[in-house]
Amino acid sequence: VDLPGEHKQHEHVTPFVGGFGVLAALLVAVALLILEYPDKLVAWLSLLVCGVVMFGVGLADDRWKLSARIRLVIQAGLALLMVYGGGVVLADVGDAFFVGALTMGFAAAVPFTVFGTVGCINALNMVDGIDGLSGTIAAGTLALVSFVTWLTGDPGGHVVAMALLGGVAGFLWFNLRFGSQHRARVFMGDNGSMMLGLMIAWQLVAITQGEDALVPPVVALWM
């Protein structure tokens, strides 16, 4: 009840909009890739759909708190789009268990890829509890991917990694405390963390698989 002469106290609510800048960076990257490498149109469009849908699901979760089952089903569906649309599948895990190189047939690789991708999405989402934590983890991984793709001559992967890194850097500028900024002005939110988890999983699998793999598969675990 508002009484005459009283001042209302408005509690400041930090918005969960960290994913918007990252999504904008992804849109720019995909537009550039379509113009420069139209022969991979299906892969780029699959990347775009995965990013936009994951962002939308995260945004809905921030607003309405979706059930875990809905989130997992959609995440698995996007992982399948990554496999069949993007051609990115985790079939070779290298010597991750110190027993020699381990490879899988396509039938086994697909569910393994889905499992790993969903795990990566939710791992980054679950550490998003302290200001800057998920953002700096994502930034560190994307910086390494950017360096590897630049060093080994993968321009498509380099554009995506650098664009996402720029988006995350923009988020961190408004999230971290420094100088006169004593509180976070934006939070990552599920929209940002889940989308970044999916994009990172996509890139780590892409650079470690196939005859032209840029780095051994076990390196992805460290990255």
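Only a predicted model underlies this, so the values are computations on that prediction, with no experimental measurement involved.

K.L.:
For this particular structure, what's the right way to read the confidence of the model for the chain?
P.N.:
Detailed reading of the predicted coordinates is not advisable wherever pLDDT falls low. Taken as a whole, the chain shows an average pLDDT of 90; of its residues, 94% reach a score of 70 or greater. Within the chain, helix 3 (residues 68-84) carries the highest mean pLDDT (97), whereas strand 2 (residues 102-103) carries the lowest (82). Scored below 50 in pLDDT, residues 5-10 makes one contact in the model with residues more than four places away or belonging to other chains.

K.L.:
Can you walk me through the pattern of salt bridges in this structure?
P.N.:
Close approach of charged atoms lets side chains of opposite charge pair. Counted by the stated rule, this structure contains two salt bridges. In this structure, Asp61 engages Arg71 in a salt bridge whose closest nitrogen and oxygen atoms are separated by 3.4 Å. With a gap of 10 residues between them, Asp61 in helix 2 (residues 41-64) and Arg71 in helix 3 connect regions that are remote in the sequence. Each member of the pair, Asp61 as well as Arg71, carries the same accessibility label: buried. Here Arg177 ties to Asp131 by a salt bridge, and the two come within 2.5 Å at their closest N and O atoms. Note that Arg177 is positioned in the loop between helix 6 (155-175) and helix 7 (189-208) and Asp131 in the loop between helix 4 (106-126) and helix 5 (133-152), a separation of 46 residues in sequence. What makes Asp131 partly exposed here is its relative accessible area of 26%.

K.L.:
Help me out: how do you make sense of the packing of aromatic side chains in this one?
P.N.:
For any pair of aromatic rings, the description rests on two quantities: the centre-to-centre distance and the angle between the ring planes. Applying the stated criterion across every chain, the model contains four aromatic pairs. Look at Phe20 and Phe55: their rings are 5.0 Å apart centre to centre, the planes differ by 85°, and that puts the pair in the edge-to-face class. A residue pair is termed long-range when its members are at least 10 positions apart, and Phe20 in helix 1 (residues 18-36) and Phe55 in helix 2 qualify at 35 residues. Judged by relative accessible area, Phe55 falls into the buried class, the value being 8%. Between Tyr84 and Phe106, the aromatic rings sit 5.9 Å apart at their centres with planes inclined by 75°, giving edge-to-face as the arrangement. In this pair, Tyr84 is assigned in helix 3 and Phe106 in helix 4, connecting sequence segments 22 residues apart. The class for Phe106 is partly exposed, based on a relative accessible area of 47%.

Procedures and definitions
- Residues numbered from 1 in each chain as written.
- Predicted model: local features only at pLDDT ≥ 70, side-chain atom pairs only at ≥ 80, totals over all residues.
- Heavy atoms only, no water.
- pLDDT = per-residue confidence, 0-100.
- Helix = DSSP H or I, 4+ residues; strand = E, 2+ residues; numbered from the N terminus.
- Contact = heavy atoms within 4.5 Å.
- Salt bridge = Lys/Arg side-chain N within 4 Å of Asp/Glu carboxyl O.
- Buried < 20%, exposed > 50% of the residue type's maximum accessible area, 1.4 Å probe, protein only.
- Phe/Tyr/Trp six-rings, centres within 6.5 Å; stacked < 30°, edge-to-face > 60°.

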